[in-house]
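An overview of the molecular structure
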Amino acid sequence: MNLQSKILNTQLNPREIAIFWLGQAGFLIKGSDGTMVVIDPYLSDCGERIRGFKRISPKLLSPTELAELQPDVYITTHTHFDHFDFDAIPIVSSCSNTYFFGPQSCIDKFKGLQIKENNIAHLKLNKKISYKNMIFEAVYADHGKLAPDAIGVLIEINGIRLYFSGDTAYHPEMLDEIISFKPDVAILSINGKFGNLNPEEGAKLANLINPKVVIPCHFWTFTEHGGDPQLFKDKMKQHAPQCETYIMYQGERLIYSDNTEIY
């Protein structure tokens, strides 16, 4: 069964979600009512075209296949090519039912790609957006001068709360909003290069925000990015042993329920 079929055929009980890792920092979240949110998917080879960063991981879901799934919301946290896929977004936007969310820099790029303005929503810091059974909120991230308005994202779906760090450095003094959100699941970029959390910083951040499950990402796509999920798992045992560390393989489905079971 290919990944598109796996996503389409996944059936969930109330107050369950399915988390699919698309590779790099890209995830698709499916709710029990069939709603789908995709965040930072990197589905093409635009990184090699733009910067010479050759993909070393397989492409498990094509932009056309994602468009056929008709995701409800497509989120980009900043405009770097491995989060804002310049070659995939125009194809996915052919699905008129998909809304595109992001910070202002991403909004400007969406408009440049001829996405209809009515299908675009600005994710502003500490301002909630409700859509269907979901709530979205942008939170602080620091990804340096080349992405000054990069964001992290809080999502609540089916009563389950998720935090996506996006690309960010370690700033424990800026976590109050995330701590008060009390995420069930935290998905952290932990490759330690290009202004991102390293494994130890990711584990320390996890300890502060204290989710039930932590999923590392942003590795195994480009040699330039590095990343060591086993080292992160070791650091989690040291700094945040109360949290479950779950390392996903690319294309894996993780089902999470509000009684903290994962399978």
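Let me begin by describing the structure that accompanies this report. (Residues numbered from 1 in each chain as written. Predicted model: local features only at pLDDT ≥ 70, side-chain atom pairs only at ≥ 80, totals over all residues. Heavy atoms only, no water.)

1. Some thoughts on the side chain of Ser 57
Its location among the elements puts Ser 57 in the loop between helix H2 (46–51) and helix H3 (63–69). Side chain to side chain, Ser 57 and Arg 55 meet in a polar contact 3.3 Å long. With near-sequence residues (within four places) excluded, Ser 57 lies in contact with Trp 220, Thr 221 and Gln 250. (Helix = DSSP H or I, 4+ residues; strand = E, 2+ residues; numbered from the N terminus. Polar contact = N/O pair within 3.5 Å; in protein donor to acceptor, adjacent residues only side chain to side chain. Contact = heavy atoms within 4.5 Å.)

2. A few points about unusual backbone geometry
The phi dihedral of Gln 114 is positive, around 70 degrees, even though this residue is not glycine. Of note, Asn 158 is a non-glycine position whose phi angle comes to about 55 degrees, a positive value.

3. Considering the environment of Asp 184
Following the sequence through the fold, Asp 184 ends up in the loop between helix H6 (176–181) and strand S11 (185–189). On the basis of relative accessible area, Asp 184 is assigned to the buried category, the value being 7%. Considering only alpha carbons, one finds Asp 184 and His 143, 41 residues apart in sequence, at a separation of 24 Å. With near-sequence residues (within four places) excluded, Asp 184 lies in contact with Gly 159, Ile 160, Arg 161, Pro 211, Lys 212, Val 213 and Tyr 256. Side chain to side chain, Asp 184 and Lys 212 meet in a polar contact 2.7 Å long. (Buried < 20%, exposed > 50% of the residue type's maximum accessible area, 1.4 Å probe, protein only.)

4. Brief notes about the nonpolar core
One finds Ile 19, Phe 27, Ile 75 and Leu 188 to be the most contacted residues of the largest nonpolar core, which totals 52 residues. Broken down by element, the residue count for this core peaks at 5 residues, all from strand S9 (residues 151–157). Setting aside chain neighbours within four positions, we find Ile 75 in contact with Val 37, Val 38, Ile 39, Asp 40, Pro 41, Phe 101, Leu 123, Phe 136, Val 153 and Ile 155. By size, the runner-up hydrophobic cluster in this structure holds 25 residues, among which are Val 38, Leu 61, Phe 84 and Phe 110. (Core = buried A, V, L, I, M, F, W, Y, C linked by side-chain atoms within 4.5 Å.)

5. Some remarks on helix H8 (residues 229–239)
The set of residues buried in H8 consists of Pro 229, Phe 232, Met 236 and His 239. The buried side chains of H8 occupy one side of the element, clustering within an arc of 85 degrees when seen end-on. Pointing more than 90 degrees away from the buried face of H8 are the exposed residues Lys 237 and Gln 238. Residues of H8 that are buried in the fold lie against S11, helix H7 (199–209), strand S12 (213–217) and strand S13 (244–245). Its side-chain oxygen placed 3.2 Å from the backbone nitrogen of Gln 230, Asp 228 serves as the N-cap of H8. (Arc of directions from axis to C-beta.)

6. Considering the pairing of S9
Burial analysis of S9 places 6 of its 7 residues in the buried class, which makes it a mostly covered element. As paired elements, S9 and strand S10 (residues 160–164) share 5 bridges and run antiparallel to each other. Its bridge partner being in S10, Glu 156 is matched across the sheet by Arg 161. The hairpin formed by S9 and S10 contains 2 residues between the paired strands, and Asn 158 there has a positive phi angle of roughly 55 degrees. (Pairing = 2+ DSSP bridges.)

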